[in-house]
Amino acid sequence: MKLTRLRLIGFKSFVEPSELVIEPGLTGVVGPNGCGKSNLVEALRWAMGESSYKALRASEMNDVIFAGSGNRPSRNSAEVVVVLDNRSRLAPSPFTDVEDLEISRRIDRDKGSTYRVNGREVRAKDVQLLFADASTGARSPALVRQGQIGEIINARPEARRRVLEEAAGIAGLHARRHEAELKLRAAEQNLLRVEDVLSRIG
Ligand code: ATP
């Protein structure tokens, strides 16, 4: 799946609805200091399910909403839409057969975020897994932050293994395993309770 479009409405400095078309090949974003280049990459990471406001240089999640500037009033919501080309049909069910996958995240001030895939409301976890299975995501080494190369070189072996696992697209399996383990533990608890009740009846 390839990233083909990024749409922003009210995200950080992007108060006007803005759409970036990402053509095949190398794309460069150039502009003076403070014009919003990093905000663009953060918009992408936010839509991929970034849950840490600190990782977005914010002091709370509401800070990603346009805060006003000069004579422009602040907004009460922000939305980022990521469009992926799914001609490879790698999208998970029930989206496997769609041409384009539109993943959106919207935040309403003090009300938190909602995620949608092609208009259907989904959980943050579904969006995170979708990108993890495609070997990318908000924390993926596919998106290189300033200073990250040095961090990887100096990282401990376990941390370096996580980077390799994410690059190999198996990070989603760890999340699913964790979820399965939680379900198993809940089922074991239920079984214990059933046995308890049965022994009392017997
Ligand atoms: P540099 O080249 O210096 O790294 P940059 O092009 O990457 O800069 P960003 O860091 O993406 O620029 O953008 C910073 C700008 O975004 C600042 O002017 C800041 O005021 C603005 N900004 C950040 N959050 C918001 C917000 N919530 N509302 C309005 N403007 C914001």
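Fair warning: this is a prediction, and the values are worked out from it, not measured in the lab. All residue numbers here refer to positions counted from 1 along the written sequence of the relevant chain. Under the rules for a predicted model, residues below a pLDDT of 70 receive no local features and side-chain atom pairs below 80 are neither given nor counted, while totals for whole chains, interfaces and linings still include all residues.

K.L.:
Describe unusual backbone geometry, naming the residues involved and giving the relevant values.
P.N.:
Of the consecutive residues S93 and P94, the connecting peptide bond is found in the cis state with omega at 5°. Secondary structure elements are taken from DSSP: a helix is a run of H or I of four residues or more, a strand is a run of E of two residues or more, and numbering for both begins at the N terminus. Structurally, the position occupied by P94 is in the loop between β3 (77-85) and β4 (100-108). Not every positive phi belongs to a glycine, and R57 is a case in point at roughly 55°. By secondary structure assignment, the location of R57 is in the loop between α1 (37-47) and β3.

K.L.:
If you had to explain the sheet that holds strand β6 (residues 120-122) to someone new, which residues and values would you point to?
P.N.:
A pair of strands is treated as paired once DSSP finds two or more bridges between them. Overall, antiparallel pairing links the six strands, which are arranged β2-β1-β3-β4-β5-β6 in an open sheet. Two strands lie at the open edges of the sheet, namely β2 (18-21) and β6, each paired on one side alone. The average angle at which neighbouring strand axes cross in this sheet is 20°, direction not considered. With three bridges joining them, strand β5 (residues 112-117) and β6 adopt antiparallel strand pairing. Bridged to R116 within β6 is E121. The strands that α1 touches are β1 (2-9), β3 and β4; relative to β3, the one it contacts most, it runs at about 80°. A fitted line through C-alpha atoms represents every axis, and for helices the fit uses only the stretch in contact; the resulting angles, taken between N-to-C directions, go from 0 to 180 degrees. Any two residues are considered in contact once their C-beta atoms, placed from the backbone, lie within 7 Å.

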